[in-house]
Every structure is written in C-alpha cells, then in structure tokens.
2 protein chains.
Amino acid sequence: MNEETGILDLTMTALAHPTRRAILQRVMRRESRVTELAEPFAISLNAVSKHISVLERAGLVRRRRAWREHWVSFNPVPLDEAAAWIEKTRSFWTARLDALDALLKAEDAAASPQSQRKGRRT
Amino acid sequence: MNEETGILDLTMTALAHPTRRAILQRVMRRESRVTELAEPFAISLNAVSKHISVLERAGLVRRRRAWREHWVSFNPVPLDEAAAWIEKTRSFWTARLDALDALLKAEDAAASPQSQRKGRRT
DNA sequence: ATATCATTCAACTGATCGGATGAATGAAGA
DNA sequence: TCTTCATTCATCCGATCAGTTGAATGATAT
C-alpha cells in the first residue's frame, strides 16, 4: 500500500537542506561544474561535493565527466514524485474542507428557509 | 532572495521519514490520540511521540490536551509552502523546456521555409 | 492519599549528517 | 616523464537522528 517510500525519503531529505536547494536551483539553470557550484558558498569544496552526492543519490542530479571537469545536470523526475505526494495530501485535505463546507451550507439552507418550527419538514 | 529557508528545512525534514508521512496521512483524516497513532507501527510509543514532535516543530501538526489524552491535529500551511517551492522550481524547468522547444521550432521554420512539406515522414 | 492511565521527559546507543582537512585519482600539458 | 588541475576518497569531528528503556508528569477515579 505504500508507494515506494525510499524514493520520497531520499528526495525530501535532499530538499531539506538550504544549500542543496540552492545548488539545485543553480544547476537547473544550467549544467555546471562542481567548483562553479561551490563558489557562492562559504563551505569547503568537499562539502559541496557531498551535497551534490546527496542530490545525486535522490536522482535529482546527474554527473557527467568530460575532460578534467565534472558536469552536474538537473533531473526533474524525483521532484515530480515529491510534488505528487504533497499535492495528493493537500487535495485530500481541501476536499475534506469542501465537504465540510457543503455540509454547513446544507445545514444553513435547511435552517433558514422559514422551516424553523419544531417538527422538521419532510 | 531566500524565502525563509528554516521553515522549508523543517517541513522537508519532517516529510523525509516514511513513518512521519504515514502519521501525517492518518492525522489528516481525523484528529487522533498519540496511542492511536502509534498503534499501526512496530516501534515504541516514545518513538512515535518523538516523530510527532518533529511534525509539530515543522508546524504540520498541533497538539491539544484534553482530559488525560493528547489530541493531534493536522495543519496544512507548511505543506503549502513546500508545494510552492517545488512547483516554482518545476515550473521554471518546464518553462525552460518550452523555450527550448520554441527555439527549435523557430530554427526549424527558418531552415526549411517551404521544403518541409514532404521531406520527412517520421 | 493512592492507584491508574496517557503521555512526555531523561538518558543512553548506534547511525547518519554536515563540515573540515589532507591525500589520492585521473587526465592534459610541459 | 613530471606538473598541474578538478574533483573525489578517506578520515576525523561534533551534532543531530531514530530508536530503546525507565522514570516523571498530570489528571481522574477509588
């Protein structure tokens, strides 16, 4: 009944760190080298390389080696699955609220049209 | 430029664990007691209480105490923010793809103004 | 007051995280 | 060959995570 928890685990974990989200945003705009990705951050190059590994483990990013440089590119698929989970959850909730709203409206409608007497109209 | 990273961090972290996602799905359907939430899991009650704390820290869940029972209820707001981040990211990506597609179409049109009509059949 | 119940708090463990540092790899250029 | 460059590997650190067990809390019923 569970829908492949592992993938979601890795994706959400990868998205849980601001540095990784920033890296992802950057690599999404264009395929980048590791050094290039590390440049805006105050942490070591190795730390960035590790963050990229976490993104890679979740499948959000792919590495390609050319010449002496490693190119990192974006892969949107795991993001789709994460979005699907959240949307499924949210839509269930809003549906629940809509149902409640409809119920309240129905009660309201039943109460207001001068049917305020004791015996309920049937 | 950054939109309150901390909230997203906590939300994504909370969603990164399958037990917590399951708890959230359950508590979303109805407000539940801790013991009730713990029942389907093979871990200790304390472990579940901790998971609930993680959800609570992210604001995904609220605790209310009545009588000797603690009732846990769902709060959708942090989920909205997580969904917004992912959607923003995905929409950027698809827009990028659309632009690329348009570019390719334009090139195609420029390269073959009229000779295209029976040239390729694939 | 005491017992009971639902839950949390406190302390501990092993695993993983986020980070630093220094050595190793692998490929190109001299 | 030897050097240089981009990056990873290996190791260590302190912090947090996920889990356990046992004691403490807080409210009610006896």
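In this text the structure is predicted, and so the values were computed from the model without any measurement.

Engineer: Any chance you could explain the overall build of chain A here in plain terms?
Structural biologist: Within chain A, the regular secondary structure consists of five helices and three strands. Split into buried and exposed, the 122 residues of chain A put 33% on the buried side. Across chain A, the fraction of contacts at a sequence separation of at least 24, relative to all contacts at a separation of at least 6, is 51%. For chain A, the accessible area works out to roughly 7,800 Å², and carbon and sulfur atoms hold 54% of it.

Engineer: So what exactly am I meant to see when it comes to the nonpolar core here?
Structural biologist: Counting residues in hydrophobic clusters, the biggest one holds 54 residues, and the most contacted among them are Leu24 and Ile86 of chain A together with Leu24 and Ile86 of chain B. Once you skip the residues sitting within four places of it in the chain, Leu24 of chain B turns out to touch Trp85 of chain A together with Leu15, Leu55, Leu60, Val61 and Phe74 of chain B.

Engineer: Looking at this structure, I do not really get a nonpolar patch on the surface. What am I missing?
Structural biologist: All names here are of chain A. Together, Leu97, Leu100, Leu103 and Leu104 make up an exposed nonpolar region whose accessible area comes to about 360 Å². Mapping Leu103 onto the fold places it in helix 5 (residues 77–111). Relative accessible area serves as the criterion here: at 49%, Leu103 is assigned to the partly exposed category.

Engineer: When you look at the relation of the copies chain B and chain A in this model, what are you seeing that I'm missing?
Structural biologist: Copy one and copy two of the chain differ by a rotation about a common axis and a shift along it. Turning chain B through 180° and shifting it by 0.0 Å along the axis lays it on chain A, with an RMSD of 0.1 Å. Taken together, the rotation and translation describe the operation of a two-fold axis. When each C-alpha of chain B is compared by its distance to the rotation axis, Met12 of chain B comes out closest, at 2.7 Å. Both copies contact each other with a shared surface, as 100% of the interface residues of chain B are interface residues in chain A too.

About the cut-offs
- Residues numbered from 1 in each chain as written.
- Chains lettered and ligands numbered in written order.
- Predicted model: local features only at pLDDT ≥ 70, side-chain atom pairs only at ≥ 80, totals over all residues.
- Heavy atoms only, no water.
- Helix = DSSP H or I, 4+ residues; strand = E, 2+ residues; numbered from the N terminus.
- Buried < 20%, exposed > 50% of the residue type's maximum accessible area, 1.4 Å probe, protein only.
- Contact = heavy atoms within 4.5 Å.
- Areas by Shrake-Rupley, 256 points an atom, 1.4 Å probe, with all protein chains shown as cover.
- Core = buried A, V, L, I, M, F, W, Y, C linked by side-chain atoms within 4.5 Å.
- Patch = residues over 30% accessible without salt bridge, like charges linked within 9 Å, V, L, I, M, F, W, Y side chains within 5 Å.
- Salt bridge = Lys/Arg side-chain N within 4 Å of Asp/Glu carboxyl O.
- Least-squares fit on C-alpha atoms with pLDDT ≥ 70 in both.

These values are about where atoms sit, not about what they do.
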